[in-house]
Amino acid sequence: MIIEETDEIILSEENGRVFIEIKNNSFNLKKFDQMTRKYARLRISNFMALKKAVDKKSLEQIEIGSWIDSVELEISPDKMQALVTIYESQSYIQEHTQEIQTIIRKLLADHQIIYGQVPIDFQKVMTGKPYIVATGLHPKKGADAQITYLQQAEKKPEIKEDGKADYFDMNFLVEIKEGSWLGEKIPPRKGIDGINIFGQEIAASMGEDLPLKYDPQTAYEVEEVGKTVLRSKTNGVIGEVNGALTVQKHLVIDGDVGLETGNLKFDGSIQVKGTVMPGYSIVASGDISIEAKDGVNAAELIKSTEGDVFIKGGIFGKDVTKVEAFRNIFIKHANECSLEAKENVHIGLYSLGSTVFGNEIILDERKGKIIGGKAIAINSITTAYSGNNLERKTELIVQGIDRKILTENAKIKAEELMKLQNESTKLNATVSQLQQFKDTMSKEQIAVYEQTKQKYNVLQANMKDLDIEIQRILKMLRQTTDYFINITKEASPGTIIQISNKSSLLTKSTKGKFKLENGELNV
């Protein structure tokens, strides 16, 4: 087929191959480009051959490219879409619309495309631009598993007004009975199937499954009417360890901790409905709640190794009482005592002559007072007042963190944890081997077995403590570095404001949010 013939060239096609013959020495590439722009079906695939033919004015037929189909069909790799591209001039398309439509229908039929056909608006069709002629229905992923847990008590202190009385009130513990509902999981759902352009069904994927996170020693799963329900194995109080829900042992003291009870040490939570008498101590792994309205007077030590401490009535410590919490301390007032929390310290009314340490130290912004003593925080201190009219020395210190040192500490502890894990694996294997022969062991061999098992248990406890400490450091590293001391009402003379290594002794009353600006205190 002759595509075009002039005095200068012959452009012809044979079986889809395009050839050129040069008839005149005046012909050049610029003329070729101008001449062939009207042929949308022409594809030059061998430019070097074309250039050589033009330069040498070859009288022979030289193959330079191909003559593509008037309409090309393209199918997406996922079989969800078919596109056609029309390689004809705009005028040709408008004059031969019916013919092109017939070609498209035949292409679809030849390729067995039967679903989702889309009509083309030929009034807007552009030469060489692809247009969708069929589209499949994409499958819709199923809903993910839905998990709901029993909510723990919201440990959020409030100062309430009740006539003339102010009090610090919290629902600190959520008591659980054996078999109680702790949570549930609705399983992931199947999605809606799709269909491709060939009419083939595409299976929808299931939603993501999610695990119920809980301590298997204190809770269990049971299937109930299309969902998995989490229930308690025992009585206790709701708690959380390393992100997993647990039911902690719960000791209730109906009266005071004193002569009748002695010092208390308990693996779980302790609820004291009375007070802790002078000179007595409580140490518990879980939360500690002391609910007497009169608070605590000169008790020796109140310590939670894994949880929070709540003292409803505050403390008159007489420079004896020390309170420590792995997480938070919630207290109405602190009078001549020491408070130390690895997370935050919430004080309702005042801190008088006390040493307080925490990540954040928070007093009521309307009436909270820090008078005398030291308040040392990692991130921030918030109070309404500091110091008093007698200019009592009151130190407010925000230390900040050294990220480099903390990162290195986390790395060292992680390496130590890995060593303990390896040692634990070996000990566990030894215990398992010895367990098989326990019935035939001598007294000496049983003693060795028990010692090995005890060593394994101690190792497990140490690993748990290390992991908790690593998580605590990582949490600190994730926190923002906006260190500040916020005194909303009045900071009296005698107050020392210190952030990092910058400090200032106030000589006149002021208030505000104090922080470092350009390396200096904005006091």
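Data block above holds the structure.
Here's a quick rundown of the structure.

A closer look at the layout of surface pockets
A volume near 860 Å³ is recorded for the largest pocket. Lining of the largest pocket is provided by 33 residues; of these, Val241, Asp267, Ser285, Glu306 and Lys464 occupy positions nearest its centre. Of all the elements, helix 6 (residues 443-478) adds the most residues to the lining of the largest pocket, at seven residues. Grouping the constituent residues of the lining of the largest pocket by class yields nine nonpolar, 13 polar and 11 charged. One number sums up the size of the second largest pocket: a volume of about 630 Å³. Lining of the second largest pocket is provided by 27 residues; of these, Glu240, Phe326, Arg327, Glu343 and Lys475 occupy positions nearest its centre. Of all the elements in the fold, those that place two or more residues in the lining of the second largest pocket are strand 18 (236-241), strand 33 (355-363) and helix 6. Among the elements that take part in the lining of the second largest pocket, helix 6 stands out by supplying six residues, more than any other.

Some words on the sheet that holds strand 2 (residues 9-14)
An order of 1-2-3-5-4 is seen for the five strands of this open sheet, with the pairing classed as antiparallel. Every interior strand has two partners, whereas the edge strands, strand 1 (2-5) and strand 4 (42-44), have only one. For this sheet, the mean inter-axis angle between neighbouring strands, taken without regard to orientation, is 25°. Sheet topology note: the strand 2/strand 3 (residues 17-22) ladder contains six bridges and is antiparallel. Bridge assignment links Ile10 to a residue of strand 3, and that residue is Glu21. Docked against the sheet, helix 1 (residues 29-36) engages strand 1, strand 2, strand 3, strand 4 and strand 5 (62-67), running at close to 50° with respect to strand 2.

Quick word on the packing of aromatic side chains
This structure, assessed with the given rule, holds zero aromatic pairs. Note that Lys369 overlies the ring of Tyr385, its terminal NZ or CZ placed 5.8 Å from the centroid. For Lys513, the ring lying beneath its charged end belongs to Phe484, and the centroid distance is 4.3 Å.

Things to note about the pairing of strand 16 (residues 219-224)
Where strand 16 lies against strand 17 (residues 227-232), six bridges are found, and the strand directions are antiparallel. Its bridge partner lying in strand 17, Tyr220 is registered against Arg231. Hairpin remark: strand 16 followed by strand 17, antiparallel, with two residues in the connecting loop; positive phi at Val225, about 45°.

What counts, and at which threshold
Residues numbered from 1 in each chain as written. Predicted model: local features only at pLDDT ≥ 70, side-chain atom pairs only at ≥ 80, totals over all residues. Heavy atoms only, no water. 1 Å grid on protein atoms, 1.4 Å probe; cavity = no way out; pocket = protein on both sides within 12 Å on 5 of 7 lines; lining within 4 Å. Points joined across faces, edges and corners; volume = space filled by probe spheres on them. Helix = DSSP H or I, 4+ residues; strand = E, 2+ residues; numbered from the N terminus. Nonpolar A, V, L, I, M, F, W, Y, C, P; charged D, E, K, R; others polar. Pairing = 2+ DSSP bridges. Axes fitted to C-alpha atoms, helices over the stretch in contact; angles between N-to-C directions. Contact = heavy atoms within 4.5 Å. Phe/Tyr/Trp six-rings, centres within 6.5 Å; stacked < 30°, edge-to-face > 60°. Lys NZ or Arg CZ within 6 Å of the ring centre and 35° of its normal.

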